[in-house]
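# Structural features, examined
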Amino acid sequence: MALCGSWILVSCGGSANRPGGVTLQSISVSPQNSAVSVGQTQQFAATGKYSDGSTQSLTSVTWSSNTATVGSISSSGLATGVAAGTTTIGASSGGISGSTMLTVNATLTYLLAATRGSGGTHPKGVVVADFNGDGKLDIAVSNFDQNAVAVFLNDGSGNFGAPIITTVQITNGLGPLAVGDFNEDGKADLVVATISGPQASIVLLGHGDGTFGQQPPIPNSFGFFHAKVMDLNGDHHEDLVFAGNGNISVSLGKGDGTFAATTPLPSGSFPGTYLGLAVADFNGDGKLDIAASDSGSPTAGVGKLVFYAGNGDGTFANATVVDLIATSPGSLASGDFNSDGKQDVLVGFPNNGLIAFGKGDGTFDLVNLEFVYGTNFTTTNGGVTVVASDLTKNGKSDAVTSDFNTGTLQISLNSALGKAPPSNGIFSFALAPGLADIAVGDLNGDGIQDVVVTNYQTGEITIVLSKIQ
């Protein structure tokens, strides 16, 4: 290493110019203004702009960190958080340089905060949103047996009040839910599923105080296992994608709290038990696509991954279907886990959670799977619920898993993917069996996302809060 003032310099080399008199004019460093925790890493890249207006990735530059006691950097541009603080990351070649700031947060951990009743029995779904307009994220839970939604208001530090109950006027059980602002009044709304007897999807418009007003069922709708809220057709109104028993369907929002009749997409696979759903741009064309997991069965063969390419107007191409490695995939999430700019999928099976890396064209590598969670159980019942989210706001997808059979809740930061606990960046909690749905959000206001999980068997929710040490 060579010292230059207070800067640590590594990986000298690289020519500033190219043949034909084309000269390097500037260097940009990406990502800009990123953040990591102590012990985490961030890969930086340098891009050169030349006198002919062209740009090119620079693979031979001098990388530097002006405060190496906060963040060090390797010859390949891989920075590692050393201690809390900020440092300037620089890249230079032939007298031309560029830089960005790297913030290193203190050590992150997760702690069990509370386990409490769900406001009913057999909770099916959980979401977080600001339900009373005070700028703090609250929790909403759907309880199957009472046909009721319970809202727990947050004091801003991760402490929650007694449940506020809204009873949904139906004669059958209440199922999963999703959150949005369907009438665009700035108040959080819900869509809930009825999942036994007559089935439908019902919108609950928020009053802004933790209670809701029930709307008529969405026309032609059914109950759902999972729902996503997205603008599918670019009209700036929230739409709904449903994964149900028999089909994937779409309801386009009108922006006033109502939706057009639900339209089922052409069947993609058999038996069509779509327990997992993800909506993202998987093929890189700027339009939202749908990926779903069909559970399969011992007689129908292994589970399937079903892909619908979006047309950008709320319609979708016919499905393409590929086999998964086992039966009964019960959950699906999307994120960019390897930071290549392509959307991947995290699949929850009974006993394990695995990442299939996206190829950027709507297909996935289903051979070289990345391990996220595993157990020694061999049951084909129950399952592992998965959520993908950038928990630490460093631009990298992390994974949260809950195991119905073992009662294990696991938070896996991106740096720990592929590892088994105990490992740095993996936080594992032994709870009661019956864990079901997961929601994430910053519940204690520290800038790091926290986790809440439901337990269908015990009728409880468990809150796990981040802590910066």
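Calculation rules
- Residues numbered from 1 in each chain as written.
- Predicted model: local features only at pLDDT ≥ 70, side-chain atom pairs only at ≥ 80, totals over all residues.
- Heavy atoms only, no water.
- Helix = DSSP H or I, 4+ residues; strand = E, 2+ residues; numbered from the N terminus.
- Buried < 20%, exposed > 50% of the residue type's maximum accessible area, 1.4 Å probe, protein only.
- Contact = heavy atoms within 4.5 Å.
- Areas by Shrake-Rupley, 256 points an atom, 1.4 Å probe, with all protein chains shown as cover.
- Lys, Arg positive; Asp, Glu negative; His and termini not counted.
- Charge placed at Lys NZ, Arg CZ, Asp CG, Glu CD.
- Pairing = 2+ DSSP bridges.
- Axes fitted to C-alpha atoms, helices over the stretch in contact; angles between N-to-C directions.
- 1 Å grid on protein atoms, 1.4 Å probe; cavity = no way out; pocket = protein on both sides within 12 Å on 5 of 7 lines; lining within 4 Å.
- Points joined across faces, edges and corners; volume = space filled by probe spheres on them.
- Nonpolar A, V, L, I, M, F, W, Y, C, P; charged D, E, K, R; others polar.
- pLDDT = per-residue confidence, 0-100.
- Phe/Tyr/Trp six-rings, centres within 6.5 Å; stacked < 30°, edge-to-face > 60°.
- Salt bridge = Lys/Arg side-chain N within 4 Å of Asp/Glu carboxyl O.

### Brief notes about the overall build of the chain
Across its full length, the chain holds 0 helices and 41 strands. A principal-axis box enclosing the C-alpha atoms of the chain has dimensions of 75 × 50 × 45 Å. With 469 residues in all, the chain has 50% of them scored as buried. Considering only contacts within the chain whose residues lie at least 6 apart along the sequence, 49% involve residues at least 24 apart. Total accessible area computed for the chain in this model is approximately 18,400 Å², and 52% of it derives from carbon and sulfur atoms. Looking at the chain, you have 16 positive and 36 negative side-chain charges, and the mean spots of the two groups are 6 Å apart.

### Looking at the sheet that holds strand 6 (residues 41–43)
Working definition: the strands of a sheet are paired by backbone hydrogen bonds and lie parallel or antiparallel to each other. Within the open sheet, the 3 strands sit side by side as 6-11-10. Their pairing is antiparallel. The open sheet terminates on both sides in strands that have one partner only, identified here as strand 6 and strand 10 (71–73). In this sheet, neighbouring strand axes are inclined to one another by 20° on average, regardless of whether the strands run parallel or antiparallel. The pairing of strand 10 with strand 11 (residues 78–81) spans 3 bridges and is classified as antiparallel. The partner of Ile-73 across the bridge, within strand 11, is Ala-79.

### Here we look at empty space enclosed by the protein
In total, this model carries 2 cavities of 30 Å³ or more according to the counting rule given. When its volume is computed, the largest cavity comes out at roughly 40 Å³. Elements represented by at least two residues in the lining of the largest cavity include exactly strand 32 (344–349), strand 33 (352–358) and strand 34 (364–374). For the lining of the largest cavity, the residue count by class is 8 nonpolar, no polar and no charged. For the second largest cavity, the full set of lining residues is Leu-232, Leu-288, Gly-310, Asn-311, Gly-312, Asp-313, Gly-314, Thr-315 and Phe-316.

### Some words on the confidence of the model for the chain
Within the chain, residue pLDDT values average 92, and 95% of them lie at 70 or more. Below pLDDT 50 for its whole length, residues 1–15 participates in 40 contacts with residues either more than four positions away or in separate chains.

### Examining the packing of aromatic side chains
Throughout the structure, instances matching the rule amount to 6 aromatic pairs. Ring centres 5.7 Å apart and planes at 80° place the aromatic pair Phe-131 and Phe-212 in the edge-to-face group. Note that Phe-131 is positioned in the loop between strand 15 (123–129) and strand 16 (138–143) and Phe-212 in strand 22 (residues 212–217), a separation of 81 residues in sequence. Members of the aromatic cluster, each reached through a chain of ring pairs, are Phe-282, Phe-307 and Phe-364.

### As for the pairing of strand 39 (residues 435–441)
For strand 39, the buried fraction is high: 7 of the 7 residues fall into the buried class. Here 5 bridges tie strand 39 to strand 40 (residues 450–455), and the two strands are oriented antiparallel to one another. The partner of Ile-438 across the bridge, within strand 40, is Val-453.

### Looking at the pattern of salt bridges
Tallied over the entire structure, the rule returns 1 salt bridge. The shortest N-O distance in the salt bridge between Lys-304 and Asp-323 comes to 2.5 Å. A residue pair is termed long-range when its members are at least 10 positions apart, and Lys-304 in strand 29 (residues 304–308) and Asp-323 in strand 30 (residues 320–323) qualify at 19 residues. Among the residues examined, Asp-323 registers a relative accessible area of 47% and is labelled partly exposed.

### Things to note about the sheet that holds strand 41 (residues 460–468)
Spatial ordering of the open sheet is given by 14-41-40-39, a layout of 4 strands whose pairing is antiparallel. Edge positions in the sheet fall to strand 14 (108–117) and strand 39, since each of these pairs with one other strand and no more. This sheet shows a mean twist of 20° between the axes of neighbouring strands, independent of strand direction.

### As for unusual backbone geometry
Look at the link from Ser-30 to Pro-31: it is a cis peptide, with omega at 0°. With respect to the helices and strands, Pro-31 occurs in the loop between strand 4 (22–30) and strand 5 (34–37). Of note in the backbone geometry, Asn-33 takes a positive phi value of approximately 55° without being a glycine. Checked against the element boundaries, Asn-33 lands in the loop between strand 4 and strand 5. Looking at Asn-33, the relative accessible area reads 57%, which means it is exposed. Unusually for a residue other than glycine, Ser-339 sits at a positive phi of about 55°. Summarising the element assignment, Ser-339 is placed in the loop between strand 31 (331–335) and strand 32. The class for Ser-339 is partly exposed, based on a relative accessible area of 45%.

### Looking at the layout of surface pockets
Volume-wise, the largest pocket comes out at about 1,400 Å³. At the level of elements, strand 15, strand 19 (174–180), strand 23 (226–230), strand 27 (274–280), strand 31, strand 35 (384–389) and strand 39 are the ones that each hand at least two residues to the lining of the largest pocket. The class makeup of the residues in the lining of the largest pocket is 31 nonpolar, 12 polar and 3 charged. What the second largest pocket holds in volume is close to 260 Å³.

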